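Here is how the chains run, residue by residue.
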Amino acid sequence: MPQVLFRVPFDGVVVNLTDQQKDLLRLLVSKHESTGGSQFIFLRGINAAGLCYPGGDAVNVGYDDVDLRQLRREDLISVIPIAENQLRGKPTELGIEIVRRGFFTKRAMKEY
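Presented here is an overview of the structure given in this document. (Residues numbered from 1 in each chain as written. Predicted model: local features only at pLDDT ≥ 70, side-chain atom pairs only at ≥ 80, totals over all residues. Heavy atoms only, no water.)

### Focus: the overall build of the protein
Note the following rule: Each helix is a run of DSSP H or I of at least 4 residues and each strand a run of E of at least 2, with the numbering of both proceeding from the N terminus. Each residue is placed in one exposure class: buried if its accessible area under a 1.4 Å probe, protein chains only, is under 20% of its type's maximum, exposed if it is over 50%, and partly exposed if it falls in between. By the convention used here, residues are in contact when the closest approach between their heavy atoms is within 4.5 Å.
Along the backbone of the protein there are three helices and seven strands. Moving toward the C terminus, one meets the helices and strands of the protein in the order β-α-β-β-β-α-β-β-α-β. For the protein, with 112 residues in total, the buried portion stands at 30%. Within the protein, contacts between residues separated by at least 24 positions form 60% of all contacts whose residues are at least 6 apart in sequence.

### Observations concerning the pairing of strand β6 (residues 86–91)
Which entries qualify depends on this criterion: Should DSSP find at least two bridges between two strands, the strands are regarded as paired.
On β6, burial follows the alternation: Leu 87, Gly 89 and Pro 91 on one face are buried, whereas Gln 86, Arg 88 and Lys 90 on the facing-out side are not. Of the pairings in the sheet, the one linking strand β2 (residues 40–44) to β6 comprises four bridges and is antiparallel in character. Counterpart to Ile 41 in the pairing with β6 is Arg 88. In the sheet, strand β5 (residues 77–83) pairs with β6 via six bridges, with the strands oriented antiparallel. Its bridge partner lying in β6, Ile 80 is registered against Arg 88. In textbook terms, the turn of a hairpin is the stretch between consecutive antiparallel strands, and for β5 and β6 this stretch comprises two residues, one of which, Asn 85, has a positive phi near 65°.

### Re the sheet that holds strand β3 (residues 49–53)
Condition: Axes here refer to lines fitted to C-alpha atoms; in helices the fit is confined to the stretch in contact. Angles between the N-to-C directions go from 0 to 180 degrees.
The strand order across the open sheet formed by five strands is β4-β3-β2-β6-β5, and the pairing between neighbours is antiparallel. In the strand order of this sheet, the two ends are held by β4 (57–61) and β5, each with one partner. Within the sheet, the average angular offset between the axes of one strand and its neighbour, ignoring direction, is 25°. Here helix α1 (residues 19–34) sits on the sheet and contacts β2, β3, β4, β5 and β6; the angle it forms with β3, its principal contact strand, is near 20°.

Below, the structure written as structure tokens:
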């Protein structure tokens, strides 16, 4: 009889992110905290992309909507499209906590 392997969460969370996506999440969490929890608007043009926050706070970024969509797939941000080439969102509690822990997990999964 073949051995069955079960994977259950153990002392951490597994995330599939590039270093660039981690940097983007750090930025989103930092701005989220410094703006009192405000949502961001991500704008993408032909040659540039940026994040906008209430009060005119804007940041040019080298990330794209693919990076944001990966963060969403990992449940690290909530994001919705609001117009062509525009997304609105904010970090989830999981995204905020992972950044606070410095993306460190001692052990992600325990196998039985």
